[in-house]
Amino acid sequence: MKLLNKTIFITGASKGIGYELAKLLSHKENVVIIGARNKELLTEIKSKFPNLYTIYFDALDDNNIIQVKGELQDKFGKIDILINNSAVCYSYNFYNADVSFEKIETEIATNITSPIKVVKVFLPLLEKNTETAIVNITSGVAYLPMPSLPVYSSTKSALQSFTISLRESLRQTKIKVFEALPPLVETQMTENLIGNGKNMKKMSAEHCAKAILKGIEDNCYTIKVGSSKSLFWGSKLFPSIVQKQLNKI
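Analysis parameters
- Residues numbered from 1 in each chain as written.
- Predicted model: local features only at pLDDT ≥ 70, side-chain atom pairs only at ≥ 80, totals over all residues.
- Heavy atoms only, no water.
- Core = buried A, V, L, I, M, F, W, Y, C linked by side-chain atoms within 4.5 Å.
- Buried < 20%, exposed > 50% of the residue type's maximum accessible area, 1.4 Å probe, protein only.
- Contact = heavy atoms within 4.5 Å.
- Helix = DSSP H or I, 4+ residues; strand = E, 2+ residues; numbered from the N terminus.
- Pairing = 2+ DSSP bridges.
- Right-handed = clockwise from strand over helix to strand, strands pointing away.
- Salt bridge = Lys/Arg side-chain N within 4 Å of Asp/Glu carboxyl O.
- Polar contact = N/O pair within 3.5 Å; in protein donor to acceptor, adjacent residues only side chain to side chain.

Asker: So what about the nonpolar core? Which residues, and what values?
Answerer: In this structure, Ile 10, Leu 21, Leu 25, Ile 81, Ile 83, Ile 212 and Ile 216 are the most contacted members of the largest nonpolar core, which totals 34 residues. Excluding residues that lie within four positions of it along the chain, Ile 212 makes contacts with Ile 17, Leu 21, Ile 137, Ala 180, Ile 223 and Val 225. The next biggest cluster of nonpolar side chains, apart from the first, holds 24 residues, and it includes Phe 57, Leu 126, Ile 134 and Leu 166.

Next up, the structure:
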């Protein structure tokens, strides 16, 4: 798929992988819209990259999702590519940690409920065009869970399942459905990993973003980045052995 002269909306893109995707895509004559809740970061990004369009986007606010869709429709008339990147990751031992219901619900709502709603709301904008795509950012832990990321792993597995179903549902349309599976990436989200996870080697967000874009350009519908490839094959060939290694992290 050509990533040129497209109108692209990326959720949760004020930092990390989403931010790097936005920067890279903006160099390819695309209209790139960054959606995020942090208004200060959005203002800072706009000052650094005037060609990027920024908009306040709250993945947990149903009314805001609908409002943003309307604003983008009025301003651009269409969306060629939707990248569902918003995510929350909490690292803890589920037995020992004092985890609030609010924390659990936030992680589930941000990582799985919201992307599904966003896809449903934005489908009419994607259907208008000849070459369009939805890109859901999951994770290598969608294949085998990391016990120190109990809810995060579960939500990414669920988003993977939804992506597979969505791809089949849209098979008769012109909308391509991609899944990108990053490994551990050096972002603010992974700074607070507990146990051995905090000492693990992490891929740079820029390197990860480049790999994701190459996968989209190559029409690779399941884009396994870095160690996600090992997790995939490990889940198929040696699931119990690989899971024991993950249990130690």
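Asker: Would you mind going over the pairing of strand β6 (residues 175-181) in detail, with residue names and values included?
Answerer: Two faces, one strand: in a regular strand the side chains alternate between the faces of the sheet. Summarising burial for β6: 6 of the 7 residues are buried, a large majority. Bridge analysis of strand β5 (residues 132-137) against β6 gives 6 bridges, and the strand direction is parallel. Paired with Ala 133 across the bridge in β6 is Lys 176. In terms of handedness, the path from β5 via helix α5 (residues 150-169) over to β6 forms a crossover that is right-handed. Where β6 lies against strand β9 (residues 222-224), 3 bridges are found, and the strand directions are parallel. By the bridge assignment, Ala 180 is partnered in β9 with Ile 223.

Asker: Give a detailed account of the pattern of salt bridges, specifying residues and quantitative values.
Answerer: Pairing between side chains becomes possible if they bear opposite charge and their charged atoms approach one another. This model, assessed by the stated rule, comprises 11 salt bridges. With a shortest N-O distance of 3.5 Å, Lys 23 and Glu 20 are connected by a salt bridge. Taken as a pair, Lys 23 and Glu 20 lie in helix α1 (residues 16-26) at a separation of 3 residues, close to a single helical turn. Note on Lys 23: relative accessible area 21%, which makes it partly exposed. For Glu 20, a relative accessible area of 14% corresponds to the buried category. Residue Lys 28 pairs with Glu 217 through a salt bridge whose shortest N-O separation is 2.7 Å. With a gap of 189 residues between them, Lys 28 in the loop between α1 and β2 (31-36) and Glu 217 in helix α6 (residues 205-217) connect regions that are remote in the sequence. By relative accessible area, which is 32% here, Glu 217 ends up partly exposed. Here the salt bridges do not stand alone but share partners, grouping Lys 6, Glu 131 and Lys 176 into one network.

Asker: Let's hear about the side chain of Thr 132: which residues, and what values?
Answerer: In this structure, Thr 132 sits in strand β5. Only 3.4 Å separates the side chain of Thr 132 from the backbone oxygen of Leu 126, close enough to count as a polar contact. Apart from the residues lying within four places of it in its own chain, the contact partners of Thr 132 are Met 1, Ile 79, Asp 80, Leu 126, Lys 174, Ile 175 and Lys 176.

Asker: So what's going on with unusual backbone geometry? Which residues, and what values?
Answerer: In this structure, Glu 29 is a non-glycine residue whose phi angle is positive, near 60 degrees. Looking at where Glu 29 falls in the secondary structure, it is placed in the loop between α1 and β2. Despite not being glycine, Asn 219 shows a phi value in the positive range, around 55 degrees. Relative to the elements of secondary structure, Asn 219 occurs in the loop between α6 and β9. On the accessibility criterion, Asn 219 (30% relative accessible area) is partly exposed.

Asker: Before we move on, can you summarise the side chain of Asn 84 with the specific residues and values?
Answerer: The residue Asn 84 is located in strand β4 (residues 81-84) in this model. If we skip the residues at most four places from it in the chain, Asn 84 touches Thr 11, Pro 115, Val 118, Val 119, Val 135, Asn 136 and Ile 137.

Asker: Describe in detail the pairing of β4, supporting the description with residues and values.
Answerer: Burial along β4 is two-sided: Ile 81 and Ile 83 and Leu 82 and Asn 84, pointing in opposite directions, are all buried. Direction of pairing for strand β1 (residues 7-11) relative to β4: parallel, over a ladder of 3 bridges. Bridge pairing in β4 places Phe 9 opposite Leu 82. As for the winding sense of the linkage, the β-α-β connection from β4 through helix α4 (residues 101-126) to β5 is right-handed.

Asker: Any chance you could break down the environment of Gly 16 for me, citing the residues and the numbers?
Answerer: Considering the arrangement of structural elements, one finds Gly 16 in helix α1. What makes Gly 16 partly exposed here is its relative accessible area of 22%. Residues Gly 16 and Cys 208, spaced 192 residues apart in sequence, show a C-alpha to C-alpha distance of 9.8 Å.

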